[in-house]
Structure formats: C-alpha cells, structure tokens
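Residue-level listing of the chains:
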Amino acid sequence: MKQEIVPIHSLEFLSKEILELTFISEYLASTAKPGQFINIRVGDNFPLLRRPFSIFNVDENRVSIVFNVIGTGTKVLARKQKGETIDVLGPCGNDFLSFVDDSFDTAVFVAGGIGVAPFRFLTKKLYNNKQIVTFLGGRHKEQIIASGLQNIKIATDDGSQGFKGTVLDLIKDDFSKNMYKRPRFFLCGPTRMMKAVSEFATGIGADCCASMECDMACGIGLCQGCNIEMNGGDKKYRLVCKEGTIFETKNLKF
Amino acid sequence: MIESFKIGDVEFKNRILVASGTFGYGDEVPDLVDISKLGGVVTKSLSMKPRDGNPNPRITETASGMLNSIGLANIGVQKYISDKLPVLKKYDTKIVANIAASSVDEYCKVLELLDAQQRVHGFEINVSCPNVKEGGLSFGTDVKLVSLITKELRQRTRKPLIIKLTPNVTHISEFARACEAEGADAVSLINTVIGMAVNIHKRTPKIATTTGGLSGPAIKPIALAKVYETVNAVKIPVIGIGGIVSWEDAVEFFIVGASMVQIGTANFINPATGITVAEGVKKYCENNGFDDVGRLVRTLQTNKTISIVDSWL
Ligand SMILES: Cc1cc2nc3c(=O)[nH]c(=O)nc-3n(C[C@H](O)[C@H](O)[C@H](O)COP(=O)(O)OP(=O)(O)OC[C@H]3O[C@@H](n4cnc5c(N)ncnc54)[C@H](O)[C@@H]3O)c2cc1C
Ligand SMILES: Cc1cc2nc3c(=O)[nH]c(=O)nc-3n(C[C@H](O)[C@H](O)[C@H](O)COP(=O)(O)O)c2cc1C
Ligand code: FES
C-alpha cells in the first residue's frame, strides 16, 4: 500500500451520468487486484476525508475509477482535468480473486448501479478459467455501464434498457430458464439488493460473496469507523475497509 | 536544534505524538509511516475486557470535521500485551498506553497490568468514559472523580501519567488543576467535542448513537482556547490536541503554550502527518532563531490590558 500523487490521464463520460477518471500509476497498475479500492483525496481541504472508489480498469500503467456525481466529493472530482494531479492511497481491502477456487464453474456477477465498478477488471482476470454471466441492474439506461463485461443481462427499473424490473427479478427469471453449472455469486451494489440476491443464492445452494459499502474515515484500519455486523463467529463486528470489503454473505448479519 | 521533550523520566525524541484512536495500536501502517520518526504513539483506548463498540454508522463527515461514536472498541489490555506490544519492539519511539474504563477500579487494574510492561513508556488516561456506577455520566465532567482517578493511578505508577481532559465542561482549567494537585505529570486536551448531525431525507441522526464526538479542523479554535486557559492555570506540561493537520497548526499550539501536540483525525487523511508536522516545526524554529522547540512554547504576544476574564465577547 502506498500514498501517491498521480497525474490524471483523462476524464470521460461513459454515459450521461457516469464518469470514468483515469490516472497514471505504475505502482497501482502492477499491484491492484479486482475488488480492491483506492482512497482518493479529492481536494486539498474540501471535503476533509478521502473518498473510496473501486478500481474499474487497469491498462498498462493506467488505472481508472467510475463514479456518479452525487455529493461534495464527486462534484469536485468531476471538475478535474487532464494534467492535474490527485492524491491516491491504495490498493486497499481484500480482493475477489481470493474468493475464486475450484469449488465452482460459473461466476455469476451481480451489480447494482455504480456497483458494476469492480467487474470489468474481474472479468479480465477470470474469463480464461470460468464461465461468466453478468447481471446489471440500474434505475435507467444511463446507469448501465456494460463495457468489458461478458454474457450480459440487464434490468432497469423503468425498462429503458433490457428487462423492466429489479435485478433480482431478472435473475429469478433467468435462472428458471437457464442451467448454470456450479454457480458462485459475486455481488457489488446497494446493500438491500445484495441482501436479496444473497438470499436467492443461498436458496439454490450457491456460495455468495459481496463487496460491502460503508462510510469510511480512513480506509486502512485506523479509525474503526467502518464496522459491519457478523453472523456469529468470534467477533461481533469486522472492519469493512480492512477485513473486507468482500465477505461471504453467509457470515454477515444483513 | 533540540526537538526532544521530557515528561517525568521519559524523553520523547520530538514533541509530536499521534492521538489515541486515530493510529490503531501503532502496527497498522508500517509501509506508509516510519513510526520511528514520531515522538510517540498513543494507543487506542484500552479497557480490561475487549469491547465490540457501537453499531454502524459510527462516523460521518461534517463541515471541516467528522463525528464519531466508535464506542471505545478495542482488543482489551491482555491481547494488547500479548499480540501488539511485541510487534512494537522494533520501533524506536515511545509508546503511551491510553486507558479507558467504566470504574475507578478498572482504571487501576488496567494500569497495573500495563505498568509491568517495559515497552509501555507512559500512560494517558481517557476520562471521557461513562461511569457505570453513576448511571453513565462521564468521569471527565466531575472534578472530584478526575481527582480521585489521578490520585489512585499516581500511587500505582512512576511512569509518566497524563490525564486527557474533555472540553465538554465549563472550566477545563479546574480539571487541570485537580490533576496537577494529585500528581499528574501532564494533561492533554482536548478530547472530542459533543456534536450531532441529521439526515434530513430520513429524518434520522447520521450516527447510530445520535450524538458523537466532533474532531478535525472544525475544533482547532476551541482546542487552542482551552489550551490557553489551561496553561494559564497549571505548571505541568499541557499537550495540545484538536484539529492539527499541518505544521502551522502545531506551531499555533506551541505559541499558545502547549509543550507537545497530538495529531488525530489528520492521520485518516495522511497517515504520515505527524512526520511532516515534526519536520515543519523544526524548520520554523530554525528560520525564527529558536535552537530548541521549547523556546517557541508560550511565546504568544497578547494585549496585556485585556484579560480573559474581563473581555466580553
Ligand atoms: C469500498 C467502496 C468503494 C466505492 N466505490 C465507488 C465507485 O467505484 N464509484 C462511486 O461512484 N462510488 C463508490 N463508492 C462511494 C464513494 O466513496 C462516495 O461515497 C460517493 O461517490 C459519494 O461521495 P460524495 O463525496 O460525492 O458524496 P457525499 O457528499 O459524501 O454524500 C452526498 C449524499 O449522498 C449520499 N451517499 C453517499 N455515498 C453514497 C452512495 N454510495 N450511494 C448512495 N448515496 C450515497 C450521502 O448519504 C449523502 O446524503 C465506494 C464506497 C466504498 C466504501
Ligand atoms: C475515530 C476517532 C476515535 C477516537 N478514539 C479515541 C480513544 O479511543 N481514546 C481517546 O482518548 N481519544 C479518542 N479520540 C479522540 C482523539 O484522540 C483526539 O483527542 C480528538 O480527535 C481531537 O483531535 P483531532 O481533531 O486532531 O482529531 C478519537 C477520535 C476519533 C476521531
Ligand atoms: S475506515 Fe477507518 S477503520 Fe475502516
């Protein structure tokens, strides 16, 4: 893990609402793994705390994140320009690859909204070894980012792209029609969606892991601010930033 | 340039410490910070038994600061001694064990266990904890209890004893005087300021415990005023804490009269803040003709005709 000041390579709209910010970092490009995040100091003094972002893509010495403009931090980020620098700290957290083994054949990716972020990078690392099916859910089509993914199935709340309804409805429908060999679920998105999908996965006897979201002050285990409640086990809480962000959902008390 | 400072018999290599609860147990960030360059590390508050802490959400950002309600989550003193202290052996810095407890007896027991450890160089006592016997009211807001805790702990250790004071009282200097009278080697201030934030969409508090502790740049002016009040009341060293993110902030505390400073929330943004602060303070002293950082302490020029008591706001 390192703290670096890195040059911005580009900032582009991937849809009307979602931006991709790419910066140059040999270090992160060579060390980051899918599912890990970086903690960005968005401005010099404002906002005060860093903001965590999943690693979206790694290409040679370039690393990128994707984001929606929703609040103070992302507003500042959206005004950055090529040639400026940003302060990044990472890579942080555990990664999806440590949940990949011989116990499954089909990797079922389920993303809600901007939760699609880690799956492009994960697809790159997995497509040689596993069957992949990717379910994307979003409010409407501007929230769907499908580039670099495989075997994509889309649900939008308003039906502006793909299936009209929730991603869970789409998964249920799809699983009733298709047979997937020994599936394992990988989730990222809003907690409510992940809880519902993990219940479905458990119901069909599949393993399921999820990248959990949580407000963070430090992102590196110093503040104890990012606790998540466990379902039994030796500790009541674990730290999302350090012991996660990815957990087996059966170990979580949603 | 002399950067070191002594409290009791313990010499800290510089006057910059990292604050309790903002740097883990000291072993979390070895690849980001060269801990040996810090004057010392104050541990997360340690209690007799491990504590799970409060439910989520525990933190929220506010204007130039943050609110927290961690609830003193910690691994417990025994595990600290068996798992953390041995790892810290390799760092050339001083370890100040911060203690939290829910009874006077618990403070004493935790201190006794730690006092036996060579690697623990001193103590900071967090009195901003609920006193279970008195229905959860904070020890730190009752001057008699702060006196009693200081007295009991003083009898049990010869190592530096620092009492960490809460700003959530009317006159913090009264508390500092009580600590001095009972033999404390220093006082440190301030702990977090009670605060609150509301989510207007859900109409709920933004942190699970409704109110929490405010920290960061937002509280620096409060901390400076409390340090100023305290250095005018006691002779023992005062350790300044609150909102320090840069060396300039630290210099303000030294000018006002702090003998040492602690870096808290800033560690979450830049874990190496303590080191850049130490370097900046040193350079400032060199540039201003001080051959000892100590010469900077309490150099505030004030208008002598207006005293703190007479001035109306
Ligand atoms: C491990 C991790 C990875 C993340 N990865 C990404 C990513 O790849 N892309 C991305 O855009 N964001 C990601 N986030 C969320 C991100 O860190 C920020 O919280 C988010 O971008 C908003 O920051 P802000 O400063 O703009 O909003 P703030 O000013 O902090 O918040 C503005 C408002 O939005 C609400 N809000 C904050 N975060 C969210 C959220 N995630 N969803 C819904 N409402 C929210 C707040 O409650 C507040 O009311 C991630 C978070 C974590 C913990
Ligand atoms: C997340 C967090 C956890 C803290 N935990 C403790 C603690 O365990 N014990 C303690 O004495 N102070 C604790 N503090 C208070 C800090 O040590 C410090 O007094 C306070 O934050 C003010 O300094 P700052 O503005 O530089 O952060 C904590 C502060 C924060 C922000
Ligand atoms: S965000 Fe600070 S410990 Fe996880």
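What comes next is a walk through the structure. Each chain carries its own residue numbering, running from 1 in the direction its sequence is written. Chain letters and ligand numbers both follow the written order, the letters beginning at A and the numbers at 1. Residue-level local features of this predicted model are given only where pLDDT is at least 70; pairs of side-chain atoms are given and counted only at 80 or more, and the full residue set underlies all totals for whole chains, interfaces and linings. Side-chain descriptors were evaluated using all non-hydrogen atoms of the structure, hydrogens and water having been removed beforehand.

Considering the overall build of chain A
Logical step 1: By definition, any uninterrupted DSSP run of H or I lasting at least four residues is a helix, any uninterrupted run of E lasting at least two residues is a strand, and each is numbered from the N terminus. Per the secondary structure count, chain A includes six helices and 16 strands.
Logical step 2: Atoms counted for the radius of gyration: C-alpha only. Globule rule: 2.2 Å times residue count to the power 0.38. Relative to the 2.2 N^0.38 estimate, which gives 18 Å for 254 residues, the radius of gyration of chain A is 18 Å and therefore close to what a compact globule would have.
Logical step 3: Its C-alpha atoms give chain A principal-axis dimensions of roughly 50 × 45 × 35 Å.
Logical step 4: The buried label applies to any residue whose accessible area, calculated with a 1.4 Å probe on protein chains only, is under 20% of its type's maximum; exposed applies above 50%, and partly exposed to all values in between. The burial tally for chain A puts 57% of its 254 residues in the buried class.
Logical step 5: What makes two residues a contact is simply this: any of their non-hydrogen atoms within 4.5 Å. Excluding contacts between residues fewer than 6 apart, the proportion of contacts in chain A whose partners are at least 24 apart in sequence is 62%.

Points about the sheet that holds strand β12 (residues 186-189) of chain B
Residue and element names in this part refer to chain B.
Logical step 1: The strand order around the closed barrel formed by eight strands is β3-β4-β7-β8-β11-β12-β17-β18, and the pairing between neighbours is parallel. Strand after strand, the sheet turns through a mean of 25° between neighbouring axes, direction not considered.
Logical step 2: For two strands to count as paired, DSSP must find a minimum of two bridges between them. As judged from the two bridges shared by strand β3 (residues 16-18) and strand β4 (residues 40-42), these two strands associate in the parallel manner. Bridge pairing in β4 places Val-18 opposite Val-41.
Logical step 3: Against the sheet, helix α2 (residues 104-115) touches β7 (94-99), β8 (122-126) and β11 (161-164), its axis set at about 160° to β8.
Logical step 4: Geometry is summarised by axes, namely lines fitted to C-alpha atoms with helices restricted to the contacting stretch, and by angles between N-to-C directions that run from 0 to 180 degrees. On the sheet, helix α3 (residues 143-154) packs against β8 and β11 and is oriented at approximately 160° with respect to β11.

A look at the sheet that holds strand β7 (residues 85-92) of chain A
Residues and elements named next belong to chain A.
Logical step 1: Strands sit in the order β4-β3-β7-β1-β2-β6-β5 across an open sheet of seven strands; the sheet is antiparallel. Each edge of the open sheet is held by one strand with a lone partner, namely β4 (51-54) and β5 (57-59). Neighbouring strand axes in the sheet, compared pairwise and without regard to direction, differ in orientation by 40° on average.
Logical step 2: Sheet analysis places strand β2 (residues 18-24) next to strand β6 (residues 62-68), joined by seven bridges and oriented antiparallel. From the neighbouring strand, Leu-21 faces β6, where its bridge partner is Ile-65.

Considerations on a nonpolar patch on the surface
All names here are of chain B.
Logical step 1: A surface patch of nonpolar side chains, about 320 Å² in accessible area, is lined by Met-196, Val-198 and Ile-200.
Logical step 2: As for its placement among the helices and strands, Val-198 is situated in strand β14 (residues 198-199).
Logical step 3: The class of Val-198 is partly exposed, set by a relative accessible area of 44%. Within the patch definition used here, like charges are joined within 9 Å and nonpolar side chains (Val, Leu, Ile, Met, Phe, Trp, Tyr) within 5 Å, considering only residues with over 30% relative accessible area and no salt bridge. Residue exposure ignores everything except the shown protein chains as possible cover, and the areas themselves are Shrake-Rupley values with a 1.4 Å probe. The rule for a salt bridge is simple: a side-chain nitrogen of Lys or Arg has to be within 4 Å of a carboxyl oxygen of Asp or Glu.

With respect to the nonpolar core
Logical step 1: Only buried residues count toward a nonpolar core, which is a set of Ala, Val, Leu, Ile, Met, Phe, Trp, Tyr and Cys residues joined through side-chain atoms within 4.5 Å. Core analysis: the largest hydrophobic core is formed by 130 residues, its most contacted members being Val-110, Phe-135 and Phe-185 of chain A together with Tyr-107, Leu-114, Ile-125 and Ile-163 of chain B.
Logical step 2: At six residues, α2 of chain B tops the list of elements feeding residues into this core.
Logical step 3: Those residues within four positions of Tyr-107 of chain B in sequence are excluded, and the remaining contacts are Ile-99, Ala-100, Ala-101, Ile-125, Asn-126, Val-127, Cys-129, Phe-139, Ile-149 and Leu-153 of chain B.
Logical step 4: One finds Phe-56, Leu-126, Ile-132 and Cys-188 of chain A within the second-largest nonpolar core, a separate group that totals 24 residues.

What about the packing of helix α1 (residues 77-88) of chain B against α2 of chain B?
All names here are of chain B.
Logical step 1: With their axes 10 Å apart at the nearest point, α1 and α2 run at an angle of 15° to one another. If you check the angle between α1 and α2, you find them roughly parallel. Handedness of the crossing formed by α1 with α2: right-handed. Residues Val-77, Gln-78, Tyr-80 and Ile-81 of α1 pack against Val-110, Leu-113 and Leu-114 of α2.
Logical step 2: Under the scheme applied, nonpolar residues are Ala, Val, Leu, Ile, Met, Phe, Trp, Tyr, Cys and Pro; charged residues are Asp, Glu, Lys and Arg; polar residues are all the others, including Gly. For the contact of α1 with α2, the residue count by class is six nonpolar, one polar and no charged. Relative orientations are named as follows: roughly parallel for angles under 35 degrees, roughly antiparallel for angles over 145 degrees, roughly perpendicular for angles from 65 to 115 degrees, and oblique for any other angle. In a left-handed crossing the near helix is turned counterclockwise from the far helix by less than a right angle, and in a right-handed crossing that turn is clockwise.

Here we look at the site of ligand 1
Residue and element names in this part refer to chain A.
Logical step 1: Neighbouring ligand 1 are 19 residues, the closest being Arg-51, Pro-52, Val-66, Gly-73 and Thr-74.
Logical step 2: Two N or O atoms form a polar contact when they lie within 3.5 Å of each other; inside protein one atom must be a possible hydrogen donor and the other a possible acceptor, and for residues adjacent in sequence the pair counts only when both atoms belong to side chains. With respect to ligand 1, the backbone of Ser-54 contributes an N or O atom lying 3.0 Å from a nitrogen atom.
Logical step 3: Relative to its unbound accessible surface of 890 Å², ligand 1 loses 70% to contact with the protein.
Logical step 4: For the shell around ligand 1, the secondary-structure elements that each account for two or more residues are β4, β6 and α2 (72-78).
Logical step 5: At four residues, the largest contribution of residues to the shell around ligand 1 is made by β4. We call a residue near a molecule or strand when any one of its heavy atoms sits within 4 Å of it.

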